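# Residue-level structural notes
Spelled out from the first residue to the last, the chains are:
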Amino acid sequence: MTKNNKKIAIKVTSYLGVSPNGAEPFTIKFFCEYLNEFGYEVELIGAEILPDSLKKYKNFVYFRYMKLPKILRMFLHIPISICNVYKYSKIRKPDLIMCVGGVFYNGLSVMLIGKLMNITSLVRTAEDHYNFYKFCTTLRSKVFHYLVNFRISQFVLRKSDYVLTTGERSKEYFESRGIEEDRIFGIPGKIELDQFYYDDNNLFEDLGIPKNKKIILFIGALSGIKGANFLPEIIKKINLLSDDYHFLIVGNENEYGSRIKNEIESTGFRNIKFLDSQPREVLRKIYSSANVLIFLCRVGVGYGQVTLEAAACNLPVLSLNPGIDVEWWLGKHCCNSVDEMVKRIVQGEYEVPELPSSFNEKHIKTEYSRLFNKIL
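Residues numbered from 1 in each chain as written. Predicted model: local features only at pLDDT ≥ 70, side-chain atom pairs only at ≥ 80, totals over all residues. Heavy atoms only, no water.

## Details of empty space enclosed by the protein
Scanning all chains against the criterion turns up two cavities of 30 Å³ or more. Roughly 60 Å³ of internal volume is contained in the largest cavity. Forming the walls of the largest cavity are Lys-11, Val-12, Thr-13, Ser-14, Tyr-65, His-77, Ile-80, Ser-81, Asn-84, Tyr-105 and Asn-106. Put simply, the parts of the chain that give the lining of the largest cavity at least two residues each are helix H2 (70-92) and helix H3 (103-117). Here the lining of the largest cavity takes four residues from H2, the largest share from any one element. (1 Å grid on protein atoms, 1.4 Å probe; cavity = no way out; pocket = protein on both sides within 12 Å on 5 of 7 lines; lining within 4 Å. Points joined across faces, edges and corners; volume = space filled by probe spheres on them. Helix = DSSP H or I, 4+ residues; strand = E, 2+ residues; numbered from the N terminus.)

## What to know about the side chain of Thr-307
Structurally, Thr-307 can be placed in helix H10 (residues 305-312). In this structure Thr-307 comes out as buried when scored by relative accessible area, which is 0%. Here Tyr-303 takes part through its backbone oxygen, which lies 2.9 Å from a polar atom of the side chain of Thr-307. Side-chain polar atoms of Thr-307 contact the side chain of Trp-329, separated by 2.9 Å. Residue contacts for Thr-307: discarding those within four places in its chain leaves Leu-293, Phe-295, Val-317, Trp-329 and Leu-330. (Buried < 20%, exposed > 50% of the residue type's maximum accessible area, 1.4 Å probe, protein only. Polar contact = N/O pair within 3.5 Å; in protein donor to acceptor, adjacent residues only side chain to side chain. Contact = heavy atoms within 4.5 Å.)

## Considering the packing of helix H7 (residues 231-241) against helix H12 (residues 338-346)
For the pair H7 and H12, the least separation of the axes is 10 Å and the interaxial angle reads 45°. In terms of axis orientation, H7 runs oblique to H12. Like other packed secondary-structure pairs, H7 and H12 cross with a definite hand, here right-handed. Of H12, the residues touching H7 (which contributes Glu-233, Ile-234, Lys-237, Ile-238 and Leu-241) are Val-338, Asp-339, Met-341, Val-342, Ile-345 and Val-346. (Axes fitted to C-alpha atoms, helices over the stretch in contact; angles between N-to-C directions. Parallel < 35°, antiparallel > 145°, perpendicular 65-115°, else oblique. Left-handed = near helix turned anticlockwise from the far one by under 90°.)

## What about the packing of H2 against H3?
Direction vectors running N to C along H2 and H3 enclose 40°, while the axes themselves pass 9 Å from each other. Accordingly, the angle class assigned to the pair H2 and H3 is oblique. Our pair here, H2 against H3, has a crossing hand that is right-handed. Of the residues in H3, those in contact with His-77, Ile-78, Ser-81, Ile-82, Val-85, Tyr-86, Ser-89 and Lys-90 of H2 are Phe-104, Tyr-105, Asn-106, Leu-108, Ser-109, Val-110, Leu-112, Ile-113, Leu-116 and Met-117. For the contact of H2 with H3, a count of residues per class yields 12 nonpolar, five polar and one charged. (Nonpolar A, V, L, I, M, F, W, Y, C, P; charged D, E, K, R; others polar.)

## Points about the environment of Leu-122
By the secondary structure assignment, Leu-122 is in strand E5 (residues 120-124). Residue classification places Leu-122 among the buried positions, given a relative accessible area of 0%. Along the primary structure Leu-122 and Cys-99 are separated by 23 residues, whereas in three dimensions their C-alpha atoms are 6.8 Å apart. Those residues within four positions of Leu-122 in sequence are excluded, and the remaining contacts are Leu-96, Ile-97, Met-98, Cys-99, Val-110, Tyr-162, Val-163, Leu-164, Leu-371, Phe-372 and Ile-375.

As structure tokens, this is what we get:
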């Protein structure tokens, strides 16, 4: 596509990891690819560590953050983000500054500097900032997300020039919270499922799971945000009703996750297997070996990447009170309570969700083209 001489800068997190499979690097990568295809020049701001998949793009860091002592990072995180965007904008003079995550720091930076320097700002959010704190599992995280993350994010979403979220339902949700309709867009991110399909090579023997057991799969960090705190209750109730099932839990654990794992193990249910996070080629085989995926995350902005991957691998999905975008996409595959989920599992009342036409890449690309043509 012909260059249109418009420059778009994306403010990113200082640490984007070394894996190309993380959520933020994946989202940034698809925006860079789409925007290049539309003819825009794309540059990144603030990444101190980049995965290989993003190293081909220009990246500007003027003030570094990651090597500071932890106590300083707590206080300088937001100021350094703002300073990086300010200096970049003064030197490079972009036509649009945007962010794809970290609304309370990246979003704040692009909104403030956009106002200061008369540059159009676009803030993308994939979180329910209004309810996120309710699902945090420690008092410290609850207080932080309520007093800092929620308050700043609410201010940013209301003051930035434009807001982008992941679908029509979350668009309507944020509109109900005070964002004007003509300032917000609801478009899915790229649904990259080419590596997910049904694989005949199951992992029963590799995982030490008896072939006569039905596998209930949970994938996600062992945290309250991901709904892992429901697992002990679900496991107990399944165990009371049937011994035909084996739980496979895939995800890393933090300090609180260890408590959840201990609670699960204390149920006395022996048919449980824990695995750390796995690469895509292994996940594909795991999806293809399971009988049903249970999705327990209740922060419903976004579609739940694991539910999309499972559907692509022909794996049924059941979700628990997800809300917003996830509830729209999964529809009849959503349960209103743990008891309903347990009942549907034991009675085999689950199916593979059908991917909607709005997840088609051509449709997504067309919608993004319209968005950037409008705001630029």
